[in-house]
Amino acid sequence: MTETATTTPETPESPKRNWLREHSELGICVLLALLGVLVLADAASISADFTQRGPVGPKTVPFLIGGLLLVVSVLLARDVLRGGRGESETGEDVDLSAPSDWRTVLLLSASFLANAVLINVIGFPLSGMILFWGCSYALGSRNAVRDPLLAAVLSVATYFVFNNLLGVPLPGGPLMGVL
């Protein structure tokens, strides 16, 4: 008695498709190159004011970033074409079947929203304190003395750095005369 095997013929992948699958990282190279060209084109359209003083103008950093994006895309493409492969992510032990923690997401969102709504009303030092304290609470910290104290220190330090050292004005609110 002879058996007739019913097998479905497998369609072999074309060599081109197989090569693309093995070198899929080249897609990231193309994306980085396109982003670099976009940044360079956008930087070229920035108008440099004739009153600009010093060698560093408004075009310097965008040209640097665009150029670096192009260099990274070329170096990555060279590595991929020479057989380099990205390492698999084994750093985190994530259970994909576990449900999302919506409580944490909602608490973090509420902290950011409260900061956005209150920053012009009560100023950055106080709204930033609410933001930092709310984020630490949402992420699990429950120390009633340390958390608000650290939030206040971080908020005032951030306000000082941006307002006084970097020259980026932030609303001070009722604490404007104190800080």
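Each chain has its residues counted from 1, running along the sequence as written. Per-residue local features of the predicted model are confined to residues with pLDDT of at least 70, and side-chain atom pairs are confined, for both listing and counting, to 80 or more; whole-chain, interface and lining totals are unaffected and use all residues. To obtain the side-chain values, all non-hydrogen atoms of the structure were included, while hydrogens and water were left out.

Looking at an unreviewed UniProt entry, one finds the protein chain named Putative tricarboxylic transport membrane protein, with Saccharopolyspora dendranthemae as its source organism.

Trainee: Would you take a moment to explain the packing of aromatic side chains for this structure?
Mentor: Given two aromatic rings, their pairing is described by the distance between the two centres and the angle made by the two planes. For Phe, Tyr and Trp, rings pair up if their centres lie within 6.5 Å, where Trp contributes its six-membered ring, and each pair is then called stacked (planes under 30 degrees apart), edge-to-face (over 60) or tilted (otherwise). All told, the structure shown has zero aromatic pairs when counted by the stated rule. Working rule: Lys NZ or Arg CZ, within 6 Å of ring centre, within 35 degrees of ring normal, means a charge sits over the ring. The side chain of Arg 142 reaches across the aromatic face of Tyr 137, ending 3.8 Å from its centre.

Trainee: Even after reading the chapter, I still don't get the pattern of salt bridges, so can you show me in this structure?
Mentor: Two side chains with opposite charge may pair up if their charged atoms get near one another. We count a salt bridge whenever a side-chain nitrogen from Lys or Arg sits within 4 Å of a carboxyl oxygen from Asp or Glu. Counted by the stated rule, this structure contains one salt bridge. Measuring nitrogen to oxygen at the nearest pair gives 3.5 Å for the salt bridge that ties Asp 147 to Arg 146.

Trainee: Looking at this structure, how should I read helix H2 (residues 26-44)?
Mentor: Between its first and last C-alpha atoms H2 spans 27 Å; for 19 residues at 1.5 Å apiece the expected length is 27 Å, and the two agree. All of the buried residues in H2 are Leu 26, Cys 29, Leu 32, Gly 36 and Ala 43. Buried residues of H2 fall within an arc of 115° about the axis and therefore sit on the same side. When the buried face of H2 is taken as reference, the exposed residues oriented beyond 90 degrees from it are Leu 31, Leu 34, Leu 38 and Asp 42. Close packing links the buried residues of H2 with helix H1 (15-22) and helix H3 (60-81). Only runs of H or I of at least four residues qualify as helices and only runs of E of at least two qualify as strands under DSSP, and these elements are numbered from the N terminus. Expected helix span is computed as 1.5 Å times (number of residues minus one). Classification of residues uses two cut-offs on accessible area relative to the type maximum, computed with a 1.4 Å probe and protein chains only: under 20% is buried, over 50% is exposed, and between them is partly exposed. By arc we mean the arc of the directions from the helix axis to the C-beta atoms, nothing more. Two residues form a contact once any of their heavy atoms are found within 4.5 Å.

Trainee: Could you clarify how one ought to interpret the UniProt feature "transmembrane region" (unreviewed entry) in the protein chain in this entry?
Mentor: With numbering aligned to this structure, UniProt lists the feature "transmembrane region" (unreviewed entry) at residues 26-48, 60-77, 105-133 and 148-166. A helix fraction of 97% and a strand fraction of 0% characterise residues 105-133, whose end C-alpha atoms lie 15 Å from each other. UniProt positions are given in the numbering used here, feature names are shortened, and annotations may be inferred rather than shown by experiment.

Trainee: Just checking my understanding: could you explain the packing of H2 against H3 for this structure?
Mentor: Helix packing geometry: the angle between the two helix axes and the distance between the axes. Here, axes are lines fitted to C-alpha atoms. For helices the fit covers the stretch in contact, and angles between N-to-C directions go from 0 to 180 degrees. Orientation of H2 relative to H3, taken along the N-to-C sense of each, is 160°, at an axis distance of 8 Å. By the angle between their axes, H2 is roughly antiparallel relative to H3. By crossing handedness, the relation of H2 to H3 is classed as left-handed. Between H2 and H3, the residues in contact are Leu 26, Ile 28, Cys 29, Leu 32, Ala 33, Leu 35, Gly 36, Val 37, Val 39, Leu 40, Ala 43 and Ala 44 and Pro 62, Phe 63, Gly 66, Gly 67, Leu 69, Leu 70, Val 72, Ser 73, Leu 76, Ala 77, Val 80 and Leu 81, respectively. Classification used: nonpolar for Ala, Val, Leu, Ile, Met, Phe, Trp, Tyr, Cys and Pro, charged for Asp, Glu, Lys and Arg, polar for all others including Gly. Class assignment for the residues of the contact of H2 with H3 results in 20 nonpolar, four polar and no charged. Here the word oblique covers every angle except those under 35 degrees (roughly parallel), over 145 (roughly antiparallel) and from 65 to 115 (roughly perpendicular). Crossing handedness is read from the near helix: turned anticlockwise from the far helix by less than a right angle, it gives a left-handed crossing, and turned clockwise, a right-handed one.

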